Every structure is written in structure tokens, then in C-alpha cells.
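These are the residues of each chain, in order.
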Amino acid sequence: MAWNPFASDDFSEVALSKAELQKVQVNAGWAKGDDQTLIFEVNNGLKGPMQCGAANVDLNDGKSVGKVFMPKFAIPGHATRNASMSVVKGTMKAYALTCSCFKKKGAGDCVNPLKSF
């Protein structure tokens, strides 16, 4: 059995609910002068922290590309963080980020499992 720092507190990582997703804003684009690197700007409007572990981009030619963020990038409550991946400007049709948060016993607000309550 592996050691789990959250085991005694019954924390679980859960996908963001529809209501929580409405409080998260994601912008995507390319920096001036760089047509190769797609930048995601994630604004966490939630009270608690969240993390994003992957990004997927559908391209105009029907293909898709993805990136797994190892480790997941964390966004504290009411904060903004950036992440990037290689996508040529003008080839993107749609994008999606996979994000989640920790909740005590899988319910309630997103919380920091490392913070004592």
C-alpha cells in the first residue's frame, strides 16, 4: 500500500462541476512574434485551488494534439496561471483543458488538501 498524505482526511480529486466551470475563464492565443506556442491563460474564479492536468487541441485538418502537464499545474483560488503547448498559429479549430480540484469526502468547495483546517 502506497503512502498517501491525504488518506486520513478523506480528500478526493474530482472533476469540476458545471457551476464551478462557469467560474473558470480560459483564454488561448499566441504571443506576439511566436506562431508556434499556444498559451493558455487560466483564471480561477473559485474560492479554493484547482489544477489542470491536460490540454487537447482539435486542428483544422481533423487531427488533434494533446499535452499532459506533469506535474499538473496548480491555480490558487482567485488567481491566474499560464501553460503552453506547441500548436502552429492558424491551425487550431477548438481546445479543451482537463481540470479538477480536491474536495473533502468528494463534496463541498474545492480545498487545499495540504492546508490544515
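Everything below is about the structure shown above.
Residues numbered from 1 in each chain as written. Predicted model: local features only at pLDDT ≥ 70, side-chain atom pairs only at ≥ 80, totals over all residues. Heavy atoms only, no water.

### Points about the state of the cysteines
Here is step 1: This model, assessed by the stated rule, comprises two disulfides.
Here is step 2: Paired through a disulfide, Cys 52 and Cys 99 show a sulfur-sulfur distance of 2.0 Å. Its torsion about the S-S bond being 95 degrees, the disulfide of Cys 52 and Cys 99 is classed as right-handed. Linking Cys 52 in strand β4 (residues 50-59) with Cys 99 in strand β7 (residues 92-104), this pair joins segments that are 47 residues apart in sequence. The exposure classification of Cys 52 matches that of Cys 99, with both residues buried. (Disulfide = S-S within 2.5 Å. Helix = DSSP H or I, 4+ residues; strand = E, 2+ residues; numbered from the N terminus. Buried < 20%, exposed > 50% of the residue type's maximum accessible area, 1.4 Å probe, protein only.)

### Section: the packing of aromatic side chains
Aromatic rings in a pair are described by how distant their centres are and how their planes are angled relative to each other.
Here is step 1: Tallied over the entire structure, the rule returns two aromatic pairs.
Here is step 2: Considering the side-chain rings of Phe 69 and Phe 73, the 5.1 Å spacing of their centres and the 90 degrees angle between planes classify their relative orientation as edge-to-face. There is no split in this pair, since Phe 69 and Phe 73 are both buried. (Phe/Tyr/Trp six-rings, centres within 6.5 Å; stacked < 30°, edge-to-face > 60°.)

### A look at the sheet that holds strand β1 (residues 11-15)
Here is step 1: Pairing is antiparallel across the open sheet formed by four strands, whose spatial order is β1-β7-β4-β5. Where the open sheet ends on each side, the last strands, each with one partner, are β1 and β5 (64-75). Adjacent strand axes in the sheet meet at a mean angle of 20 degrees when their direction is disregarded.
Here is step 2: Here eight bridges tie β4 to β7, and the two strands are oriented antiparallel to one another. Directly across from Val 57, in β7, lies its bridge partner Tyr 95. (Pairing = 2+ DSSP bridges. Axes fitted to C-alpha atoms, helices over the stretch in contact; angles between N-to-C directions.)

### Considerations on the sheet that holds strand β3 (residues 37-44)
Here is step 1: What the three strands build is an open sheet, ordered β2-β3-β6; its pairing is antiparallel. Two strands close off the open sheet at either side, each with one partner strand: β2 (24-30) and β6 (79-86). In this sheet, neighbouring strand axes are inclined to one another by 20 degrees on average, regardless of whether the strands run parallel or antiparallel.
Here is step 2: Two elements, β2 and β3, share seven bridges in a ladder whose sense is antiparallel.

### Section: the pairing of β7
Each regular strand shows side chains that alternate between the opposite faces of the sheet.
Here is step 1: Bridge count for β1 against β7 is five bridges, and the pairing is antiparallel. The residue of β7 that forms the bridge with Glu 13 is Phe 102.

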